[in-house]
Amino acid sequence: ARVHGFVVEGSIERDLSAKVVRFRVRSTPDGAAGSSEDSLPVVYTSLETPDLFKDGAEVVVEGRLAESGLDSFEATHILAKCPSKFEAKAGGQAAL
């Protein structure tokens, strides 16, 4: 399965000894309607995360729902979206 969302601010926890990264994903960016309770806990069994993986990052996680019934997602891959390099200027032109 694939889940698209945004990494909840302050939710990233790296367990170096277990080689696991835990974080929460929600459907809207922080600051939008909703709360961290509206998020999905994700467990990623690797310490190798994308360079763009950080609080608030837009991500797609691939994996499956945990069989333990704890309402978490066991991720096998994390894809982080590159933020847009273009911003609109007044007058409708885009600039770097």
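Scroll up a little and you will see the structure.
What comes next is a walk through the structure. Keep in mind that what you see is a predicted model, and the values were worked out from it rather than measured.

A few words now on the overall build of the protein. Per the secondary structure count, the protein includes zero helices and eight strands. Order of helices (α) and strands (β) in the protein, N terminus to C terminus: β-β-β-β-β-β-β-β. Buried positions account for 27% of the 96 residues belonging to the protein. Carbon and sulfur atoms make up 52% of the accessible area of the protein, which totals about 6500 Å².

Along the chain, the position of Gly10 falls in the loop between strand E1 (2–7) and strand E2 (13–15). Judged by relative accessible area, which is 63%, Gly10 ranks as exposed. Separated by 45 residues in the primary sequence, Gly10 and Asp55 have C-alpha atoms spaced 6.4 Å apart.

Here we take up unusual backbone geometry. Look at Lys19: it is not a glycine, yet its phi comes out positive at around 55°. Within the fold, Lys19 resides in the loop between E2 and strand E3 (20–26).

Glancing now at the side chain of Thr49. Looking at the element boundaries, Thr49 is found in the loop between strand E4 (40–44) and strand E5 (58–65). Contact partners of Thr49, with chain neighbours within four places excluded, come to Arg14, Val21, Tyr44 and Ile78.

Each value, and the rule that gives it
Residues numbered from 1 in each chain as written. Predicted model: local features only at pLDDT ≥ 70, side-chain atom pairs only at ≥ 80, totals over all residues. Heavy atoms only, no water. Helix = DSSP H or I, 4+ residues; strand = E, 2+ residues; numbered from the N terminus. Buried < 20%, exposed > 50% of the residue type's maximum accessible area, 1.4 Å probe, protein only. Areas by Shrake-Rupley, 256 points an atom, 1.4 Å probe, with all protein chains shown as cover. Contact = heavy atoms within 4.5 Å.

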